[in-house]
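For reference, the chains in residue letters:
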Amino acid sequence: MTRPSDPVPDAVPAQDDVVQEYGFPAPLWRAVARLRPPLPRWRSPLRGPWLTSVLGLVLLAGLPVVIVTGLLSYVAYGPQLGGAIPGDVGLLRLPVFDWPTRPSWLYRLNQGLHVGLGLVVVPVVLAKLWSVIPKLFAWPPVRSIAQLLERVTLLLLVGSILFEIATGVLNIQYDYAFGFSFYAAHYAGAWVFVGAFVAHVAIMLPRALRGARSRSLREDLRTPLAGTTPEPDDGSGLVAEEPSAPTISRRGALALVGGGMVLVGVLTLGQTLGDAVRGTAFLLPRGRTTAGADGGPNDFPVNKTFAASRIAPADVGTSWRLELTGDGTRALDLAALSALPQHTARLPIACVEGWSTVQTWTGVRLRDLAALAGVPEPASALVRSVEEGAQSALHPGQVLDPDSLLALRVNGADLSPDHGFPARVIVPALPAVKCTKWVRTIEFRSA
Ligand SMILES: Nc1nc2c(c(=O)[nH]1)N[C@H]1C(S)=C(S)[C@@H](COP(=O)(O)O)O[C@H]1N2
Ligand SMILES: [Mo]
């Protein structure tokens, strides 16, 4: 593909002013330029500053939402009440605040947006990478310090977004194939991405705006394959030097990307909305699996089944007691709990993996249990499960909300073993990962 007779350019092709101003000495890069290895030549007539700019601006609109909802999700989860992420992460520590309980669908919306939009932008990310791939093989690789920095930023940008997509997708497929903590790695990757994204936008935004204005979208939407011609070469390195004949029109390419977004969106929406539309989420495992598949009161998605929890059935049998710790310790059996005032609330289970389901829960208010434990105004509550190692910490607002329950029943029936029999936590707007099932103890702390 390379033609050794390629003339080596004598002048720096118009890149941008920064590159020219702080460029390496011309004889040096010209010497490097002569050593061009047999790199692939990219021939698609569709590549050009306009296409790259349009895709970039779409990502600029969508990715900040994915970033912000992602960070909020870490705040909402905050496994230790002190911080979103275990261990000392220095400056990357998120502000700690009591995640609100109202509106009850807040976390459902947050996580639906994070996972849903995160998946919907994947076709755009892939199209954008395709559109700029010639730059990866540009020769000479760098002409200036500024360009070197820019390319390192790009490496971090591309590497981190692919890492975030890969870990995120594996996580929602419950496939922990990687040998590290998803929770910590996705967080670290997010900050690499945020840094590189901000730098990239700062460097590229003027060019992207210029690029997007360089053609009329309306015109391209009217142009069939036969009339599809390359963009004018602006020296950006995106336009093919020797474009081949088009195999798809510009509007066809846009429809391909847009159609991909719609398809992914439809496949994903079902798991967030749940109920009747859940069946459309057929690529997402927890979108469709339910407890009973019998249409009964407990027939809604299960994260971890009772069998998978490895709880001995006897531990949630007649000998089960709820242990309340506050100014002392009390034990309540299921009959005693059922004899306390019961409250019913319609609340979502909203999983960090993006699926959610709204059900009608009945049980004892957590604030009544706090009062019973002698700590009516708790500073926090620690809930532990019969399941080995399963626990969660709640903020005061999450304990005191009138709809926060230790649920015994769902949709009018006793909880099934899969949904946490004899008792589970359900709190409005709380990430479902903290809605502990098979509860054994609740510790209300006053300070
Ligand atoms: N003890 C215990 N509680 C748990 C879990 C768990 O693995 N163990 N999973 C949590 C997660 S991640 C979710 S999404 C919800 C799911 O509740 P469901 O299975 O009743 O739908 O339970 C939460 N409570
Ligand atoms: Mo979950």
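You'll find the protein entered in an unreviewed UniProt entry as Molybdopterin-dependent oxidoreductase-like protein, with Pseudonocardia kunmingensis given as the organism.

Caption draft 1: Up close: the site of ligand 1. In the vicinity of ligand 1, 18 residues are found, and the nearest of them are Pro-301, Glu-387, His-419, Arg-424 and Lys-437. Between ligand 1 and the protein, one listed contact pairs an oxygen atom with a side-chain N or O atom of Arg-424 at 2.5 Å. A total of 530 Å² of accessible area belongs to ligand 1 in isolation, and the protein chains cover 93% of it. Among the residues forming the shell around ligand 1, the class breakdown is ten nonpolar, four polar and four charged.

Caption draft 2: Quick look at the UniProt feature "transmembrane region" (unreviewed entry) in the protein. The residues that UniProt annotates with the feature "transmembrane region" (unreviewed entry) are residues 50-77, 113-133, 154-174, 180-205 and 253-273. Overall, residues 50-77 shows 100% helix and 0% strand. The separation of its end C-alpha atoms is 41 Å. For residues 253-273, the end-to-end C-alpha separation is 30 Å, with 100% helix and 0% strand making up the annotated structure.

Caption draft 3: Molecular detail of unusual backbone geometry. A cis amide bond, omega -10°, links Arg-102 with the succeeding residue Pro-103. Within the secondary structure layout, Pro-103 lies in the loop between helix H3 (49-77) and helix H4 (106-120). Across the junction of Phe-421 and Pro-422, the peptide omega takes the value 10°, indicating a cis bond. Within the element layout of this structure, Pro-422 appears in the loop between strand E8 (413-414) and strand E9 (424-426). Here the phi dihedral of Asn-411 falls at roughly 50°; this positive angle occurs in a residue that is not glycine. The topology assignment puts Asn-411 in the loop between strand E7 (405-410) and E8. On the accessibility criterion, Asn-411 (30% relative accessible area) is partly exposed.

The rules behind these values
- Starting from 1, residues in each chain are numbered consecutively following that chain's sequence as written.
- Starting at A for chains and at 1 for ligands, labels are handed out in the order in which the entities are written.
- Where local features are concerned, this predicted model is filtered to residues with pLDDT of at least 70; where side-chain atom pairs are given and counted, the filter is 80 or more; whole-chain, interface and lining totals use all residues.
- As a rule here, side-chain values cover all heavy atoms of the structure and leave hydrogens and water aside.
- In these notes, residues near a molecule or strand are those with any non-hydrogen atom within 4 Å of it.
- Between N or O atoms, a polar contact is any pair within 3.5 Å; within protein, one atom must be a potential hydrogen donor and the other a potential acceptor, and residues adjacent in sequence are included only when both atoms are from side chains.
- Accessibility throughout is a Shrake-Rupley quantity obtained with a 1.4 Å probe, and a residue counts as covered only by protein chains that appear here.
- In the scheme used here, Gly and all other residues not listed as nonpolar or charged are polar, with Ala, Val, Leu, Ile, Met, Phe, Trp, Tyr, Cys and Pro taken as nonpolar and Asp, Glu, Lys and Arg as charged.
- UniProt positions are given in the numbering used here, feature names are shortened, and annotations may be inferred rather than shown by experiment.
- The way it works is that DSSP assigns letters per residue, a run of H or I at least four long becomes a helix, a run of E at least two long becomes a strand, and they are numbered from the N terminus.
- Accessibility here uses a 1.4 Å probe with only protein chains present; expressed as a share of the type maximum, an area under 20% marks a residue as buried, one over 50% as exposed, and anything in between as partly exposed.

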